[in-house]
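# Remarks on the overall topology
Single-letter residue listing:
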Amino acid sequence: MTMVRVRFAPSPTGQPHIGWARTALFNWLFARHFGGTFVLRIEDTDQKRSVEGAAQVFDDAFSWLGFTYDEGPNKDGGFGPYLQSERLANHLAVRDRLLEEGKAYPCFCSPETLDAGRAEDRRLGRPPRYPATCRSIAAEEGRARIAAGEAHVIRLKVPPEGRLVVHDLIRGDVEFDLAVLDDFVLIKADGTPTYNFAAVVDDAQMAISHVLRADEHLSNTPKQLLLYQAMGLPAPAFAHVPMILAPDHSKLSKRHGATPIAEFVAQGFLPEAVVNYLMMLGWNPGGDREFLTLDEAAELFTLERVQKNPAVYDTQKMTWMNAHYLRALSEDELWRRTLPFLSAQKLLAEPVSAELGAYARSALSLVQSRVSTLAEAADAVRFFFEEPREFDPAGVAKHLARPGTAGHLTALAGRLAQTDFSAGALETALTELAAELGVSRAELIHPARLAVSGKTVGPGLFEMLAVLGAKGTVDRLHAAAKMAAP
Ligand code: GLU
């Protein structure tokens, strides 16, 4: 096999999103599997629509995802530049050669003429197709008109008929009828290259061996193959990865997979979970294995296991996967990753003292199995850092309205104030007090939980109180007694 060199070539017109990350990931996995090179080329020729500082934006996204390119804007591998906007001289040199060899030609048709032609095609019910009007202009005349400054585009001479087969490594052979292609544009009137032209010149010059990209580009592939033929170069292999559909099988929208990576970061998704979920979007490692690290996936990754059908993006599944990874974090790791969320919510200020850090770790461990994201974890431990500001209204109605509750809470506060704050001792104390008061344990447990956390559900009460400590517990029980029925 030739040296594997793959590339991910995003147009940076928006923030990196999930669909994007999946294509990048498949390229990375393929490169790793075959000991090849993964190149990042930023297709920023449309400067007006490109986000500012695209290279940095992508670097940040890769750094969060935990895999990255081997060659790219900030990692020269000898095939640069890696920003397409800086490769214009290369594109124009190839344009000149194609013109010289008579494989391309200037077209001087005005936009109005072209529009009228397309309208006529539509009226006659046939696909709009440039009628190759300027193809017959003699090379000499073409050069003279260009030199005189006449507005023009450059088009490729496409054989008027015939068939072209794309040997796609995922979809198999896909046949295209050349009669539906016209002499497509390589260089636009403003002198900049079209996507198809720039991509092919760059792929060829960057020695790309395999083009793995989104399915939506399949219709570009015959044009690109024609360009390789015109340039007298072998084409790379092509593989079009299945598109990603929204849960309702509609096109992916912002609401689903086109969600920017930054939002997943903000919601407290873990990169290893996101990456694991993404690799399964259209690929599977065989068997019913679901959890893989990047390295494990790279070892197993082949295009034979990439499905042809669209993959369906499922937020619930991804959240479930995230919860799985979150549960597996060590106490330290959970703390390290949740800290930014806690400080963003001003629940604690950095630098954090050793004592507060230990307290936060214990609190987080209590909620770890009950949350799916880091943001939820931060939320779930909020009451360990501040008194509850709101109390679940249904809980208040149910657990604080029973006559006598105020007295029970006061008695509990008094009893716990003299108790050792370990979960076992707290439980014994509450059980004994319930017996003395002649009420069930539940009649103390539910109001107490509400008093300290504001909620009706959460970690085990005694573990919770043991972490919260004597002062917080006793104060909150007294405060709730004032809200409770006498
Ligand atoms: N710039 C194109 C895109 O973002 C790249 C397509 C390709 O991989 O050739 O869709």
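Check the entry above for the structure.
First, a word on scope: everything that follows refers to the structure included in this document. Please read all numbers here as calculations on a predicted model, not as lab measurements.

Criteria and cut-off values
Residues numbered from 1 in each chain as written. Predicted model: local features only at pLDDT ≥ 70, side-chain atom pairs only at ≥ 80, totals over all residues. Heavy atoms only, no water. Near = heavy atom within 4 Å. Polar contact = N/O pair within 3.5 Å; in protein donor to acceptor, adjacent residues only side chain to side chain. Areas by Shrake-Rupley, 256 points an atom, 1.4 Å probe, with all protein chains shown as cover. Nonpolar A, V, L, I, M, F, W, Y, C, P; charged D, E, K, R; others polar. Axes fitted to C-alpha atoms, helices over the stretch in contact; angles between N-to-C directions. Helix = DSSP H or I, 4+ residues; strand = E, 2+ residues; numbered from the N terminus. Parallel < 35°, antiparallel > 145°, perpendicular 65-115°, else oblique. Left-handed = near helix turned anticlockwise from the far one by under 90°. Contact = heavy atoms within 4.5 Å. Phe/Tyr/Trp six-rings, centres within 6.5 Å; stacked < 30°, edge-to-face > 60°. Buried < 20%, exposed > 50% of the residue type's maximum accessible area, 1.4 Å probe, protein only. Lys NZ or Arg CZ within 6 Å of the ring centre and 35° of its normal. Salt bridge = Lys/Arg side-chain N within 4 Å of Asp/Glu carboxyl O. Pairing = 2+ DSSP bridges.

## Focus on the site of the ligand
Taken together, R7, A9, P10, S11, E43, Y195, R213 and H217 make up the full set of residues near the ligand. A distance of 2.7 Å separates an oxygen atom of the ligand from a polar atom in the side chain of R7. One nitrogen or oxygen atom from the main chain of A9 is found 2.8 Å from a nitrogen atom belonging to the ligand. Considered on its own, the ligand offers 290 Å² of accessible surface; in the complex 83% of this is hidden by protein. The residue inventory of the shell around the ligand, partitioned by class, reads three nonpolar, two polar and three charged.

## Here's the deal with the packing of helix α17 (residues 405-417) against helix α18 (residues 423-437)
One can describe the packing of α17 onto α18 by two numbers: an axis separation of 10 Å at closest approach and a directional angle of 140 degrees. The pairing of α17 with α18 is recorded here as oblique in orientation. For the crossing formed where α17 meets α18, the hand is right-handed. In contact with H408, A411, L412, R415 and L416 of α17, α18 contributes L426, A429, L430, E432, L433, E436 and L437.

## Re the packing of aromatic side chains
Within this structure, the stated rule accounts for 17 aromatic pairs. Ring centres of W283 and F301 lie 5.4 Å apart, and the angle between their planes is 35 degrees; this geometry places the pair in the tilted category. Of this pair, W283 sits in the loop between α9 (271-279) and α10 (294-300) while F301 sits in the loop between α10 and β11 (311-312), and the two are 18 residues apart along the sequence. Here the two residues W283 and F301 agree in accessibility, since each one is buried. Taken together, the aromatic side chains of F8, W20, W28, F38, F58, F62, F67 and Y69 make up a single cluster linked through ring pairs. Here the basic side chain of R22 rests over the ring of F26, its NZ or CZ set 5.0 Å away from the ring centre. Looking at K75, its charged tip hangs above the ring of Y69, at a distance of 5.2 Å from the centre.

## Section: the pattern of salt bridges
Tallied over the full model, the rule gives 32 salt bridges. The residue K103 makes a salt bridge to E101 at a minimum N-O spacing of 3.2 Å. In this structure, D475 engages K471 in a salt bridge whose closest nitrogen and oxygen atoms are separated by 2.4 Å. Linking D475 with K471, this pair stays in helix α21 (residues 470-483), spanning four residues, or about one helical turn. For D475, a relative accessible area of 33% gives the class partly exposed. If you follow the salt bridges from partner to partner, you end up with R7, R41, E43, R87, D202 and D203 in one network.

## Considerations on the sheet that holds strand β7 (residues 185-187)
Taken in spatial order, the three strands line up as β3-β4-β7 in an open sheet, and their pairing is antiparallel. The sheet is open, and its two edges are formed by β3 (104-107) and β7, each paired on a single side. Pairs of neighbouring strands in the sheet enclose a mean axial angle of 45 degrees, with direction left out of account. Note: β3 against strand β4 (residues 153-156), four bridges, orientation antiparallel. The partner of Y105 across the bridge, within β4, is R155.

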